[in-house]
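Summary of structural features
Chain residues, written in single-letter form:
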Amino acid sequence: MNQKNLPSYLDQSEDVKARFDKINQRETILEVRNLGKRFRTQQGEVEALRGINFSVRRREFVCVIGPSGCGKSTLIRILAGLEDHTSGDVLLDDKPVKGPGQDRGMVFQGYSLFPWLTVKQNVMFGPQIKGHGKDEAERDARTWLELVGLEKFADSYPHQLSGGMRQRVAIARALVNQPRILLMDEPFGALDAQTRSKMQSHLIDIWKNIDITVLFITHDLDEAIYLADRILVLKAHPGEVQEVIEVSVPRPRSPGQFNTPEFMATKARLEQLIHPAPAPEPEDEQAAQPQMIRFTNVADNVE
Amino acid sequence: MSLIANLASVDSEMRKRTLLAIGSFLLPLLVWCMVSYVPFIWHPKVEVTDPGGVDYFQIGMLVDKSQFKDEAAFTRTEKLAPPAGKPANPIYLPAPHEVAQAFYTGFTKQPVQKDAPWLHESLWHSIQIIFWGFLISSLIGVPLGILAGTYSTFARLSEPFIEYFRYLPAPAFGALAVAILGIYDGPKIAIIVIGTLFQQVLIIANTTRKLEATIIEAARTLGTRGIKLLTKVVVPGILPDLYRDQRILLGWAWTYLIVAELIGTSSGITFYITQQARYQHFDNVYAAIMIIGIIGFGTDLILGRLGRRLFPWDRTQDRR
């Protein structure tokens, strides 16, 4: 399809509009107000995040996207309570967030499973920390392992599983605590393309079937459009919200929608925001000028 | 890579490894055999079999080759009966079979000297010293190391002093240890503790620091905090590496043993070795030295096997 014939990414069909109206009537789970983060480094102070404002409604799927260095990982780490912010508020159910807690589940890019525990024991970890008995924890773990389709691997160790399976365990381990929101920091970034798209569909299935709100960080535009209700686009230096896009691609989503006009219009807009007109190359890149020298016979051509 | 290799080649690879491992022991043994049994290799001495006309020669006496030649020339000019002898090695280099024999008799025959300890008695005493020394050192060093590796404040408070102290050679505390703890086993155990403990704290602190940060972060997002973070996450997370460190440190404890046993009243395997050397029973000396190696190496092999059984999830073991 030609770029020029694309509809505006803002155009929403009746169904999509109705869906957003419904979402906006739900209660707010997570609210971020005027959030800022400054680091002190050896080169002086760096402003990683500035004036971030957004809110996530119950059972909404929000993706955060932005160029590298835009502070999207810092943002999610602040939401998880793993890092402190320097200004503004993070409210979960109207209560300020202080430190990590079971009300916010987190899935990391590196699988971060506990290698000394079996798959089942990994999932049981949260309930047991909460003080649940072993039997109850085990029952919960079995339920959630079934949900992610890994009940057969309950007694395997993480290193015996593939990357996709490990990430399923990580999702089950986070969900078993029944958090209010699931924070996912580029969870599928290390997977190959095929496993990745399988995991995306799987995640949508999980999200549809349980009462969970998702905040998902990615740098993959297709992934963001495919998964999200709304996309938070950040820009770098300092990290600020550039635009919040309501994805006009109708649900239920399927990989077949990648070529629909709505999808392509949204992607074109994201590309415009994230990869603007080529910026001048940084100095260190310019310094590396390849000098091509012929090492093979003149007649020995590959092209 | 080994995933690609088929089973047959893994099998032959294993066989090759075993053969090479055996070879690494056979090679030095072969050199020792050659030096001992091939008369024209080295053998700087002559063992007198017949003193002939040399008045101070006795049967079985070891003399330098040059001396023997001079004396033989002397008997020729003086028209005396010539002495006879065969090439021999110095007394401090017994042949393999003599050491093997000493090894056997050390456990089966009453020692030649009265009241001298049996080889196994000496050995058992040494093993007890090592055991207590290493146990006491670990009881202090492992918790300190884990704390220093986990909490940077604690590390900054303890590590500079420990770093300084570990440069003080443990034997330097010998006289002090005797003054405080008496002349028997106390100071010996103390020397092993001093020699091991300070390295142990630093090594274990380092191992603890290498635990992946995301593992701790994941545990925190799952609601773990305070002491549970230490007992449920940090300790199990570093356990295989901690176990490996302890194996290496146990080897260090053994190296301090000989010095430790010379302090106060000499005891254990060191007493056995010095005593046997004094009577020039060098075959016994070699046997005793070798058994230290066998015990150390043997324990490490067993602990290594045990580790593989204890920590089935530990991936670093696959790389060996």
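What you are looking at is a predicted structure, and each value in this text was computed from that prediction instead of being measured. (Residues numbered from 1 in each chain as written. Chains lettered and ligands numbered in written order. Predicted model: local features only at pLDDT ≥ 70, side-chain atom pairs only at ≥ 80, totals over all residues.)

1. Structural notes on the overall build of chain B
- If you tally the helices and strands in chain B, you get eleven helices and three strands.
- Along its sequence from the N terminus, chain B presents helices and strands in the succession α-β-β-α-β-α-α-α-α-α-α-α-α-α.
- Relative to a compact globule of 320 residues, whose C-alpha radius of gyration would be 20 Å, chain B shows 27 Å and is clearly more extended.
- Principal axes of the C-alpha set define a box for chain B whose edges measure 100 × 65 × 35 Å.
- Nonlocal contacts in chain B, meaning residues at least 24 apart in sequence, comprise 70% of its contacts between residues at least 6 apart. (Helix = DSSP H or I, 4+ residues; strand = E, 2+ residues; numbered from the N terminus. Rg over C-alpha atoms; globule rule 2.2 N^0.38 Å. Contact = placed C-beta atoms within 7 Å.)

2. Notes on helix α7 (residues 185-209) of chain B
Residue and element names in this part refer to chain B.
- Its 25 residues give α7 an end-to-end C-alpha distance of 36 Å, which sits within 8% of 36 Å, the value for a rise of 1.5 Å per residue.
- Within α7, the axis deviates most sharply at T196, by approximately 30°.
- Among the 25 residues in α7, 20 count as buried, and that is most of the element. (Expected span 1.5 Å × (residues − 1). Bend = angle between axes of the 7 residues up to and from the residue. Buried ≥ 20, exposed ≤ 12 C-beta atoms within 10 Å, placed from the backbone.)

3. Overview of the pairing of strand β1 (residues 45-50) of chain B
Residue and element names in this part refer to chain B.
- Examined bridge by bridge, β1 and strand β3 (residues 84-88) share five bridges and lie antiparallel to one another. In the sheet register, D50 faces β3, and the bridge partner there is A84.
- With three bridges connecting them, β1 and strand β2 (residues 62-64) associate as antiparallel partners. Residue pairing across strands places V46 opposite V63, the latter belonging to β2. (Pairing = 2+ DSSP bridges.)

4. Re the domain arrangement of chain A
Residues and elements named next belong to chain A.
- Assigned domains within chain A: domain 1 (3-103 + 182-274) and domain 2 (112-178).
- On the domain 2 side, the residues contacting the eleven residues of domain 1 number ten residues.
- In terms of residue count, helix α6 (residues 193-209) provides more of the side of domain 1 that touches domain 2 than any other element does, four residues in total. (Domains from an automatic or database assignment.)

5. Topic: the interface of chain B and chain A
- Every contact between the two is made by 16 residues of chain B and, on the other side, 21 residues of chain A.
- When contributions to the side of chain B that touches chain A are tallied by element, the ones reaching two or more residues are α8 (213-221) and α9 (227-261) of chain B.
- Ranked by the residues each element gives to the side of chain B that touches chain A, the list is headed by α8 of chain B, at six residues.
- Looking at the side of chain B that touches chain A, its residues break down into seven nonpolar, five polar and four charged. (Nonpolar A, V, L, I, M, F, W, Y, C, P; charged D, E, K, R; others polar.)

6. Focus: the nonpolar core
- Core analysis: the largest hydrophobic core is formed by 118 residues, its most contacted members being V62 and L215 of chain A together with I192 of chain B.
- Of all the elements, α7 of chain B adds the most residues to this core, at 13 residues.
- Non-local contacts of L215 of chain A, meaning those with residues more than four positions away in its chain, are made with V56, V62, V64, I76, L79, I181 and L183 of chain A. (Core = buried A, V, L, I, M, F, W, Y, C linked by C-beta atoms within 7 Å.)

7. A few points about the sheet that holds strand β1 (residues 28-41) of chain A
Residue and element names in this part refer to chain A.
- Read from one edge to the other, the open sheet built from four strands follows the order β2-β1-β4-β5, with strand pairing classed as antiparallel. The open sheet is flanked by β2 (44-57) and β5 (95-96), the only strands paired with a single partner.
- Both strand β4 (residues 87-92) and β5 contribute to a ladder of two bridges, which runs antiparallel. Counterpart to L91 in the pairing with β5 is P96.
- The strands touched by helix α2 (residues 72-80) within the sheet are β1, β2 and β4, with β2 carrying the most contacts at an inclination of about 65°. (Axes fitted to C-alpha atoms, helices over the stretch in contact; angles between N-to-C directions.)

8. Side note on the pairing of β1 of chain A
Residues and elements named next belong to chain A.
- Sheet analysis places β1 next to β2, joined by ten bridges and oriented antiparallel. Residue T41 lies in a different strand from β2, and its bridge partner there is G44.
- Counting the residues that bridge the hairpin from β1 to β2 gives two residues.

9. Notes on the sheet that holds strand β6 (residues 104-107) of chain A
Residue and element names in this part refer to chain A.
- Strand order in this open sheet of six strands is β6-β7-β8-β3-β9-β10, and the pairing throughout is mixed. Strands at the two margins of the open sheet, each flanked by one partner only, are β6 and β10 (240-246). Ignoring which end each strand starts from, the neighbouring axes of this sheet average 20° apart.
- As judged from the five bridges shared by strand β7 (residues 181-185) and strand β8 (residues 213-217), these two strands associate in the parallel manner. Within β8, the position partnered with I181 by the bridge is T213.
- Packed onto the sheet, helix α5 (residues 163-175) meets β6 and β7 and runs at close to 170° relative to β6.

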